[in-house]
Amino acid sequence: MQEKTNYHGFATGTFVNRNSFATFMGMGFVIGAALLVFEIRSPARRMPNQKHKVKGFTTDAAYVSILMFVIFAALLETASRLGLISTLAGTWFTIVVLLIRTGVSKFKIFSVSFALGLVTLIGLISLLGQAMLQRFVYLQVDLGERLELYRQTWKMIETRWFAGFGLDTYAVAFEAFHRPELSTSLIWDKPHNTYLTLWSELGLVAGSLPMISVGIAFMMVLLSIRDRQESFFPASAAVGVIVVGAVHSLGDFSLEIAANTYVFVAIVALGLARRSLAREL
């Protein structure tokens, strides 16, 4: 086993940094949320002369909740700010589409969402831990540096907006655009934004194709949730996972890590998959 050389005191799993591990945990948490809501909202066994009921909080739901708690604890130990935010956003999106799909009124969903949002915020403040809280305290300072990195990267994109500088050339090409306003004590080998990485290396046209593909997949998955009569759980999980990846990619490169990309593609593919015609017949 290789010795850990960076991010001592933070959970990184087998990943190179905490943010990549946070995305991995976030995708798992979203799948857990989809399983939990799907189990709770699944129809119970019908009884004669009784109204339709849902299962409610079953033993299986309790098991899923315990596993989700473990995943969330690991996520907090990464101290990844954007990892936490993207996970909460993806989880909320998954829960909302599942509740709407299972017949809960939109007014009730968003009213409860607002109330739970306040409760979650208060709860997180007490659960975040010192490492995560410290990182949120220094958010403004870090954000200023990150925005300067984005600004200088955009200047780089403007220079070769059509063709880009080529795959895996950002670290070398950026040296020509690196200005003193951004720390010169570090080697900026990535713009810490997957969208800017694609545009700087492939250009605005080719670099936008992966984003367009994911956007199309997102819309197809939403339509799949609406149209399917059965087995819409994989699609609801895929929706949340796409949100996690899209939000976290705004400030990091988690989906540029192969392990995360493989899991992301697999979950989205399962969400898009349809039963064969033979099975439907």
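Higher on the page you've got the structure.
Notes on the structure in this doc start here. (Residues numbered from 1 in each chain as written. Predicted model: local features only at pLDDT ≥ 70, side-chain atom pairs only at ≥ 80, totals over all residues. Heavy atoms only, no water.)

**What to know about the environment of Ala 22**
Within the secondary structure, Ala 22 is located in helix α1 (residues 18-41). Classification of Ala 22 as buried rests on a relative accessible area of 0%. Excluding residues that lie within four positions of it along the chain, Ala 22 makes contacts with Leu 75, Thr 78, Ser 80, Gly 83, Thr 87 and His 248. (Helix = DSSP H or I, 4+ residues; strand = E, 2+ residues; numbered from the N terminus. Buried < 20%, exposed > 50% of the residue type's maximum accessible area, 1.4 Å probe, protein only. Contact = heavy atoms within 4.5 Å.)

**What to know about the side chain of Glu 148**
Following the sequence through the fold, Glu 148 ends up in helix α6 (residues 139-159). The class of Glu 148 is buried, set by a relative accessible area of 16%. A distance of 2.8 Å separates polar atoms of two side chains, one belonging to Glu 148 and the other to Gln 152. Once residues within four sequence positions are removed from consideration, Glu 148 is found in contact with Glu 181 and Leu 182. (Polar contact = N/O pair within 3.5 Å; in protein donor to acceptor, adjacent residues only side chain to side chain.)

**Quick look at the environment of His 192**
Considering the arrangement of structural elements, one finds His 192 in the loop between α7 (170-174) and α8 (194-227). By relative accessible area, which is 18% here, His 192 ends up buried. Sequence separation between His 192 and Ser 254 is 62 residues; the distance between their C-alpha atoms is 9.0 Å. Those residues in contact with His 192 that sit more than four places away from it in its chain are Arg 146, Leu 149, Tyr 150, Leu 250, Gly 251, Asp 252 and Phe 253.

**Things to note about the pattern of salt bridges**
If the charged atoms of two oppositely charged side chains come close together, the side chains can form a pair. All told, the structure shown has two salt bridges when counted by the stated rule. Residue Arg 151 is joined to Glu 148 by a salt bridge in which the shortest nitrogen-to-oxygen separation is 2.6 Å. Residue Arg 151 and its partner Glu 148 are located together in helix α6, separated by three residues, close to a single helical turn. Linking Lys 190 and Glu 256 is a salt bridge whose minimum nitrogen-to-oxygen distance equals 3.8 Å. Remark: Glu 256 occurs in the loop between α9 (233-248) and α10 (258-272) and Lys 190 occurs in the loop between α7 and α8; sequence separation between them is 66 residues. Classification of Lys 190 as partly exposed rests on a relative accessible area of 27%. Overall, Glu 256 belongs to the partly exposed group, its relative accessible area being 30%. (Salt bridge = Lys/Arg side-chain N within 4 Å of Asp/Glu carboxyl O.)

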